[in-house]
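# Survey of secondary and tertiary structure
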Amino acid sequence: MLICVMGNSGSGKDTLIDSVIENSNKGVKKLRLVTYRPQRPNEIDDRYIFATKYEFDKLLNDNKFVEFRSYKVANGDTWKYGTLQSEFNNAIDADTTYITTCTPMQFTAYYNSLDESKLWRLHPIVLTMISPKARLQRMLQRIDDNYDSVKEVCRRFSDDEDAIDESKLLPKYCFPNDTEADLVRNTDLLLQLAREINRHTRHYSDYLDMHSRTIKDTKLLAGFYREDNYNKEDK
């Protein structure tokens, strides 16, 4: 089972995921993505598999990714991120729960790659924040005090605002995440979700009910990104 946590930059995706894993008693694991962007100082590799550009391109040419994305960053470089098919299959088929940050386009690629019989194992969560200013402040707090870093934050903030079509969001999957209290509540909700799904996998009648409900909801949510925003090679 794979929980996909979506939301604009600064909405608290990584903080929520870390909180869920910390409180799961090893019951939730991260799905790691591949990238060749530079590894940041003191950054551990529990979220990304860091590769060279050559290694990434070889994986791409060998069709090893279920999806990949490229971003032209503020300094002119292009960074790529991708989900290995093997890592994705392992997360979907595992009896334990996996969790990852996810873009709308990434989620839609996951959805399109699965047989209908496995769609119930893909669970979207969208974090929302009332204040764009608060999101931007969160993003600025995480970076060094230099021009290039600030410029890159502004690029990501602007791109995020253009990428999500909020008219397609299902309210039942939207989790407000403005405050510390929201973080605690959302952690508890995702832990409950993980326990519920793991229980359903062991009870066939419950599986059938969840299977039909989740597929219907997932079909509605898949593709809530603004398609015209992703028709370019680089975001």
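The rules behind each value
- Position numbers for residues count from 1 along each chain, tracking the sequence in the order it is written.
- For this predicted model, a pLDDT threshold of at least 70 governs which residues receive local features, and a threshold of 80 or more governs which side-chain atom pairs are given and counted, while totals over whole chains, interfaces and linings are taken from all residues.
- As a rule here, side-chain values come from all non-hydrogen atoms in the structure, and water together with hydrogens is ignored.
- Runs of E in the DSSP output that reach at least two residues are strands. Runs of H or I that reach at least four are helices, and both are numbered from the N terminus.
- Accessible area is worked out with a 1.4 Å probe on protein chains only. A residue is then buried under 20% of its type maximum, exposed over 50%, and partly exposed in between.
- Note on contacts: a residue pair qualifies if any of its non-hydrogen atoms lie within 4.5 Å across the two residues.
- Calculation of accessible area relied on Shrake-Rupley with a 1.4 Å probe; when residues are assessed, cover is drawn exclusively from the protein chains displayed.
- Between any two strands, pairing holds if DSSP finds at least two bridges.
- For helices, the fitted axis covers only the stretch in contact; all axes are lines through C-alpha atoms, and the angles between them, taken along N-to-C directions, range from 0 to 180 degrees.
- Within a predicted model, pLDDT stands for the predictor's per-residue confidence, ranging from 0 to 100.
- Side-chain atoms within 4.5 Å link the members of a nonpolar core, which is a set of buried Ala, Val, Leu, Ile, Met, Phe, Trp, Tyr and Cys residues.
- A pair is scored as a salt bridge if a Lys or Arg side-chain nitrogen falls within 4 Å of a carboxyl oxygen belonging to Asp or Glu.

When you go through the protein chain residue by residue, the secondary structure sums to eight helices and nine strands. Within the protein chain, the proportion of its 235 residues that are buried is 49%. Look at the contacts in the protein chain between residues 6 or more apart in sequence, and 70% of them connect residues 24 or more apart. Roughly 12600 Å² of accessible area belongs to the protein chain as shown, and the carbon and sulfur atoms make up 48% of that amount.

Next up on the list: the sheet that holds strand S1 (residues 2-6). Strand-to-strand pairing in sheets goes through backbone hydrogen bonds, with the strands running parallel or antiparallel. Strand order across the open sheet formed by five strands is S2-S7-S1-S8-S9, with parallel pairing between neighbours. Bordering the open sheet on either side are strand S2 (28-30) and strand S9 (174-176), each of which pairs with just one other strand. Pairs of neighbouring strands in the sheet enclose a mean axial angle of 30°, with direction left out of account. Across three bridges, the pairing between S2 and strand S7 (residues 97-101) is parallel. Looking at the pairing, valine 28 lines up with threonine 97 of S7.

For the protein chain, per-residue confidence averages 80 on the pLDDT scale, and residues scoring 70 or more make up 79% of the total. Contacts of residues 202-215 to residues separated by more than four positions or lying in other chains number 19 contacts, the stretch itself having pLDDT below 50. Counting contacts from residues 226-235, a segment whose pLDDT is below 50, to residues more than four positions away or on other chains yields 21 contacts.

Before going further, it helps to spend a moment on the pairing of S1. Of all five residues making up S1, five are buried, and the element is well covered by its neighbours. By the alternation rule, side chains of S1 split into Leu2, Cys4 and Met6 and Ile3 and Val5, which are all buried. Inspection of the sheet shows S1 paired to S7 by four bridges, in the parallel sense. Its bridge partner being in S7, isoleucine 3 is matched across the sheet by isoleucine 99.

All right, on to the nonpolar core then. Core analysis: the largest hydrophobic core is formed by 24 residues, its most contacted members being Leu2, Cys4, Phe88, Tyr110 and Leu122. Mapped by element, the contributors of at least two residues to this core are S1, strand S5 (65-72), strand S6 (78-84), helix H3 (85-93), helix H4 (104-113) and strand S8 (122-128). Excluding residues that lie within four positions of it along the chain, cysteine 4 makes contacts with Thr100, Cys102, Phe107, Tyr110, Leu122, His123, Pro124 and Ile125. In this structure, Ile3, Trp120, Leu193 and Ala194 belong to the second largest nonpolar core, which totals 18 residues.

Our next topic: the pattern of salt bridges. All chains considered together, the criterion is met by eight salt bridges. We note a salt bridge from aspartate 14 to arginine 47, for which the minimum N-O separation is 2.9 Å. Separated by 33 residues along the polypeptide, aspartate 14 in helix H1 (residues 13-22) and arginine 47 in the loop between strand S3 (33-35) and strand S4 (48-50) bring together distant segments of the chain. Residue lysine 53 pairs with aspartate 57 through a salt bridge whose shortest N-O separation is 2.9 Å. You can see lysine 53 and its partner aspartate 57 sitting in helix H2 (residues 53-61), four residues apart, about one turn around the helix. Residue classification places lysine 53 among the partly exposed positions, given a relative accessible area of 48%. In the salt-bridge network here, residues are joined through shared partners; they are Lys53, Asp57 and Lys80.

Moving on, we get to unusual backbone geometry. Unlike most non-glycine residues, lysine 26 shows phi in positive territory, near 65°. Phi at asparagine 63 takes a positive value of approximately 60°, unusual for a residue other than glycine. Position of asparagine 63 among the secondary structure elements: in the loop between H2 and S5.

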